[in-house]
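Residues per chain, in single letters:
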Amino acid sequence: MKTAVFPGSFDPFTKGHEELVRRAVPLFDKIIIAIGINSQKKYLFSLAQRTEWIEKVFANEPKVIVDTYEKLTAHYCSDVGANYLLRGLRNASDFDYEKTISQLNAMVGDDLETIFLISEPQYSHFSSTIVREIIKGGGDPSPFLPQGIAIPKR
Ligand code: ADP
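Predicted, not measured: the structure shown is a model, and the values here were computed from it.

Draft legend 1. Spatial organisation of the pattern of salt bridges. According to the stated counting rule, one finds 6 salt bridges in the structure shown. We note a salt bridge from Asp-11 to Arg-132, for which the minimum N-O separation is 4.0 Å. Placement of Asp-11 in the loop between β1 (3-8) and α1 (15-24) and of Arg-132 in helix α5 (residues 128-136) is noted, with a sequence separation of 121 residues between them. The shortest N-O distance in the salt bridge between Lys-71 and Asp-79 comes to 2.5 Å.

Encoded structure:
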């Protein structure tokens with residue numbers, strides 16, 4: 001069984017994340033969207049809220065499940081029997097960062113391979129950071145969010 005873990009903060013989950021997962025569905029038997037919990041990090045949305053949104057987006061996709069984890073990503077992958085990590089590349093700075101993380105995960109992990117998908121051009125400027133800034137500034141984040149996900153105005 002080919003299982004991939006797609007790790008991230010997903011604060012919040014964007015159309016860019018959604019597009020990546022949908023393109024990866026034919027490549028794997030199971031994809032676990034794993035929300036990493038870092039006690040040092042402040043999040044805009046609660047874990048429960050982030051989980052609920054992602055579950056809603058993939059409600060009709062049985063290969064995709066949502067989980068949360070607190071340990072090292074590589075150790076979490078061994079726990080769930082995943083040999084693949086899924087990550088997205090939007091630009092050169094993603095590449096520089098992801099290259100290091102992927103090499104570390106290959107060392108720490110047990111037969112763990114990172115699979116990268118290049119973002120589609122129309123989503124390559126989408127990020128959770130941009131969405132949070134729009135929300136904080138009182139703007140409308142809906143063009144950046146998966147269909148059916150509505151963030152109440154603050
Ligand atoms: P992290 O907290 O690890 O940065 P994110 O939630 O920001 O997690 O992103 C998780 C993954 O999704 C990363 O691999 C990132 O490159 C990818 N990603 C984010 N936005 C996009 C996008 N618009 N298109 C493709 N991949 C994306």
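Draft legend 2. Geometry of the packing of aromatic side chains. Per the counting criterion, the structure on display carries 8 aromatic pairs. Taken together, a centroid distance of 5.6 Å and an interplanar angle of 55° make the contact between Phe-28 and Tyr-84 tilted. Here Tyr-84 lies in strand β4 (residues 84-89) and Phe-28 lies in the loop between α1 and β2 (30-36), a separation of 56 residues in the sequence. Taken together, the ring pairs in this structure connect Phe-6, Phe-10, Phe-13 and Phe-58 into an aromatic cluster. Its guanidinium or amino end placed over the ring of Tyr-43, Arg-50 lies 4.2 Å from that ring's centre, counting from NZ or CZ.

Draft legend 3. Spatial organisation of the site of the ligand. Near the ligand lie 17 residues; those nearest to it are Ser-9, Phe-10, Gly-88, Tyr-123 and Phe-126. Ser-9 places a side-chain nitrogen or oxygen 2.5 Å from an oxygen atom of the ligand. Coverage of the ligand by the protein amounts to 87% of the 560 Å² it exposes when considered alone. At the level of elements, β1, α1, β4 and α4 (92-108) are the ones that each hand at least two residues to the shell around the ligand. Of the residues assigned to the shell around the ligand, the class counts are 6 nonpolar, 6 polar and 5 charged.

Draft legend 4. Looking closely at the sheet that holds strand β5 (residues 113-118). Spatially, the 5 strands line up as an open sheet ordered β3-β2-β1-β4-β5, and their pairing is parallel. The open sheet has two edge strands with one neighbour each: β3 (64-69) and β5. The mean angle between the axes of side-by-side strands here comes to 30°, regardless of whether they run parallel or antiparallel. Relative to β4, β1 runs parallel, the two being bridged by 2 bridges. Counterpart to Ala-4 in the pairing with β4 is Tyr-84. In this fold α4 packs onto β4 and β5, with an angle of close to 170° to the strand it touches most, β4.

Thresholds applied
Residues numbered from 1 in each chain as written. Predicted model: local features only at pLDDT ≥ 70, side-chain atom pairs only at ≥ 80, totals over all residues. Heavy atoms only, no water. Salt bridge = Lys/Arg side-chain N within 4 Å of Asp/Glu carboxyl O. Helix = DSSP H or I, 4+ residues; strand = E, 2+ residues; numbered from the N terminus. Phe/Tyr/Trp six-rings, centres within 6.5 Å; stacked < 30°, edge-to-face > 60°. Lys NZ or Arg CZ within 6 Å of the ring centre and 35° of its normal. Near = heavy atom within 4 Å. Polar contact = N/O pair within 3.5 Å; in protein donor to acceptor, adjacent residues only side chain to side chain. Areas by Shrake-Rupley, 256 points an atom, 1.4 Å probe, with all protein chains shown as cover. Nonpolar A, V, L, I, M, F, W, Y, C, P; charged D, E, K, R; others polar. Pairing = 2+ DSSP bridges. Axes fitted to C-alpha atoms, helices over the stretch in contact; angles between N-to-C directions. Contact = heavy atoms within 4.5 Å.

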